[in-house]
Amino acid sequence: RITRLQGRRVWDSRGRPTVEAEVALACGVTARAIAPAGASTGSGEALELRDGGTRFGGLDVTKALSSIREIASSLEGLDARDQAGIDERLVALDGTANRSRLGGNAIVATSMAVLQAAAASAGEPLWRYLADGRPVRMPLPEVQIFGGGAHAARRVDVQDFMVMCPAAGSFSEALEWTAEIYLAAGALMKKAGKLQGVADEGGYWPAFDSNEQALDMLMRAIADAGLRPGEQVGISLDIAASEFGRDGRYVLALDGRSLDTGEMIAMLGGWLDAYPILSIEDPLAEDDQDGFRRFTEAYGGRCQVIGDDLLVTNAARVAASAAEGCTNAVLIKPNQAGTITETHAALAAGRQAGFGTIVSARSGETEDVTIAHLSVGWDAGQLKVGSFSRSERMAKWNEVLRIEESLGRDAVFSGWSALPFKDR
Ligand code: PGA
Ligand code: ZN
């Protein structure tokens, strides 16, 4: 039973205020969780409650902390193991469609802290509590090498240039390959006089003259790491096209071109022909469903097409996307949905549709590793938490390493089985 819920202001990886929730149970257990924050957010996401005004650029969270005080009186005495009941109560107490009254940040921190408390009171690691005896796989990591888009002052248009190592024999080997690639990319950037620090998620700052230059550099880094692009290592992109596209026009900052939906699809199709790309996220803007449908129809047979801004971790949107063929995969971010129960519903809807399911961090993160456990415990198959530097990223990768180790020879790596397309 919940005896106390307390909120506190802590700071995220961009030095911005965020909300931590701490739950105490009658059995003596305490547990906590921290809300992350996005920069390239979808318009359908749960709303983050920020104070506005001038303090900390208007980003302070004292209103969200008041929400937690209000939530506390309504949760005291409840059984922390009844996640669905508690989440339902949070949604009802908020009373808005987009969680704007209490704030998605207050709600997600509370919902995750309740989950952490329930697992702790059961005496189990969170992933095992969630799996509840069902088989799980270690997730295929999607790891950023170059940042971009809204995470790098729009220096290049594409937000994430990532690698995936589906041919690795284990999660830990996938990270070993990734480490070599990240190291090789850094050496290449240095040699080219382009090493200028890292972007928000820890990928190298994208000092490139074109998006294609970043792709070429990524190919060279994979080869320099002694790995075979396409066979062993695939490229994964988050275009985050809602950031530069609307009403069917896409304005590319780097080359000053403006593309329509068809030209955008053709450009990405050209990249798919030229590079071993296994996955593309948000290839079109969130208001371009028809573009998504056309893109998936053309390339969904050989490429994972992920909806992030388009689907905002919403089960109904995922089901509709499957029915209309708009994507073949869904990104799963708890703070887009609001609660753990809704997050799981979106993942279940994706699984039902045969989608790839990728549990994902935000660009503003913390030491909280709840999502690493969600990716394993819910057997999502894939995990995306940014790059291979900065400890708010590494904390998640390292947590999965510990889980994999704890399973010993029973650990199964998802690898190719995580991807939703048949031909390769
Ligand atoms: P965000 O970026 O957290 O800034 O939204 C992550 C993503 O777009 O996947
Ligand atoms: Zn995205």
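Residues numbered from 1 in each chain as written. Chains lettered and ligands numbered in written order. Predicted model: local features only at pLDDT ≥ 70, side-chain atom pairs only at ≥ 80, totals over all residues. Heavy atoms only, no water.

Undergrad: Describe the coordination of the zinc ion (ligand 2), naming the residues involved and giving the relevant values.
TA: The protein atoms that coordinate the zinc ion (ligand 2) are Asp238 (OD), Glu281 (OE) and Asp308 (OD), at distances spanning 2.1 to 2.2 Å. The sequence pattern formed by the donor residues of the zinc ion (ligand 2) is D-x42-E-x26-D. Residue Glu281 is found in strand 10 (residues 277-281), and its partner Asp308 is found in the loop between strand 11 (304-307) and helix 9 (315-324); the two are separated by 27 residues along the sequence. Asp308 shares its class with Glu281; the two are buried. (Donors = N, O, S within 2.8 Å, 3.2 Å for Na, K, Ca; no water. Helix = DSSP H or I, 4+ residues; strand = E, 2+ residues; numbered from the N terminus. Buried < 20%, exposed > 50% of the residue type's maximum accessible area, 1.4 Å probe, protein only.)

Undergrad: A description of the pairing of strand 6 (residues 234-238) should follow, citing residues and the corresponding values.
TA: Counting buried residues in strand 6 gives five out of five residues, a clear majority hidden from the surface. Relative to strand 10, strand 6 is paired through four bridges, and the arrangement is parallel. In the strand pairing of strand 10, Leu237 is matched with Ile280. (Pairing = 2+ DSSP bridges.)

Undergrad: How would you explain empty space enclosed by the protein if you had to name every residue and give the values?
TA: Under the counting rule described, the total for this entry stands at two cavities of 30 Å³ or more. Looking at the lining of the largest cavity residue by residue, the classes come out as three nonpolar, seven polar and nine charged. At the level of elements, helix 10 (334-337) and helix 12 (370-377) are the ones that each hand at least two residues to the lining of the second largest cavity. Looking at the lining of the second largest cavity residue by residue, the classes come out as six nonpolar, three polar and four charged. (1 Å grid on protein atoms, 1.4 Å probe; cavity = no way out; pocket = protein on both sides within 12 Å on 5 of 7 lines; lining within 4 Å. Points joined across faces, edges and corners; volume = space filled by probe spheres on them. Nonpolar A, V, L, I, M, F, W, Y, C, P; charged D, E, K, R; others polar.)

Undergrad: Pulling in residues and values, what's your account of helix 8 (residues 289-299)?
TA: Residue pairs spaced three or four apart in an α-helix point in one direction, given the helix's 3.6 residues per turn. Turning to helix 8, its buried residues are Gly291, Phe292, Phe295, Thr296 and Tyr299. Within helix 8, the buried residues cover an arc of 130 degrees as seen down the axis, which keeps them to one side. For helix 8, the elements touching its buried residues are helix 7 (261-274), strand 10 and strand 11. (Arc of directions from axis to C-beta. Contact = heavy atoms within 4.5 Å.)

Undergrad: Help me get a handle on the site of ligand 1, residues and values and all.
TA: If you check the shell around ligand 1, you find 14 residues, and the closest are Ala39, His151, Arg362, Ser363 and Lys384. Ala39 places a main-chain nitrogen or oxygen 2.6 Å from an oxygen atom of ligand 1. In isolation ligand 1 has 270 Å² of accessible area, and contact with the protein removes 99% of it. Among the cavities detected, the one that contains ligand 1 is the largest cavity. (Near = heavy atom within 4 Å. Polar contact = N/O pair within 3.5 Å; in protein donor to acceptor, adjacent residues only side chain to side chain. Areas by Shrake-Rupley, 256 points an atom, 1.4 Å probe, with all protein chains shown as cover. Sits in = over half its atoms within 2 Å of the grid points.)

Undergrad: Let's hear about the layout of surface pockets: which residues, and what values?
TA: Of the volumes computed, that of the largest pocket is approximately 390 Å³. Together, 17 residues line the largest pocket, and Leu130, Ala131, Arg134, His344 and Trp378 are the ones closest to its centre. Residue assignment for the lining of the largest pocket shows that the elements contributing at least two residues are helix 4 (126-131) and helix 11 (340-352). Tallying contributions element by element places helix 11 first for the lining of the largest pocket, with four residues. In this structure, the second largest pocket occupies an estimated 230 Å³ of space. Around the second largest pocket, the lining residues are Glu20, Ala31, Arg32, Ala33, Ile34, Gln116, Glu367, Asp368, Val369 and Thr370. It is strand 3 (residues 30-34) that provides the largest number of residues to the lining of the second largest pocket, a total of four residues. Considering only residue class, the lining of the second largest pocket consists of four nonpolar, two polar and four charged.

Undergrad: Got a sec to walk through the side chain of Gln232? Specific residues and values, please.
TA: Structurally, the position occupied by Gln232 is in the loop between helix 6 (211-224) and strand 6. Gln232 gets classed as buried once you look at its relative accessible area, which sits at 14%. Of note is the side chain of Gln232, whose polar atom sits 2.8 Å from the backbone nitrogen of Arg228. Every residue in contact with Gln232, bar those within four places of it in the chain, is listed here: Met164, Cys165, Pro166, Ala167, Trp177, Gly226 and Leu227.

Undergrad: Talk me through helix 2 (residues 83-94); I want residue IDs and the actual numbers.
TA: Counted at 1.5 Å a residue, the expected span for helix 2 with its twelve residues is 16 Å, and the 16 Å between its end C-alpha atoms agrees. Taken residue by residue, helix 2 has Gln83, Ile86, Asp87, Leu90 and Asp94 as its buried positions. In an axial view of helix 2, the angular spread of the buried residues amounts to 100 degrees, which keeps them on one side of the axis. Along helix 2, the residues that are exposed and aim more than 90 degrees away from the buried face are Glu88 and Ala92. Check the buried side of helix 2 and you find it contacts strand 1 (2-11), helix 1 (62-75), helix 3 (104-121) and helix 11. Immediately beyond the C-terminal end of helix 2, within one or two residues, lies Gly95, with a positive phi of roughly 75 degrees. (Expected span 1.5 Å × (residues − 1).)

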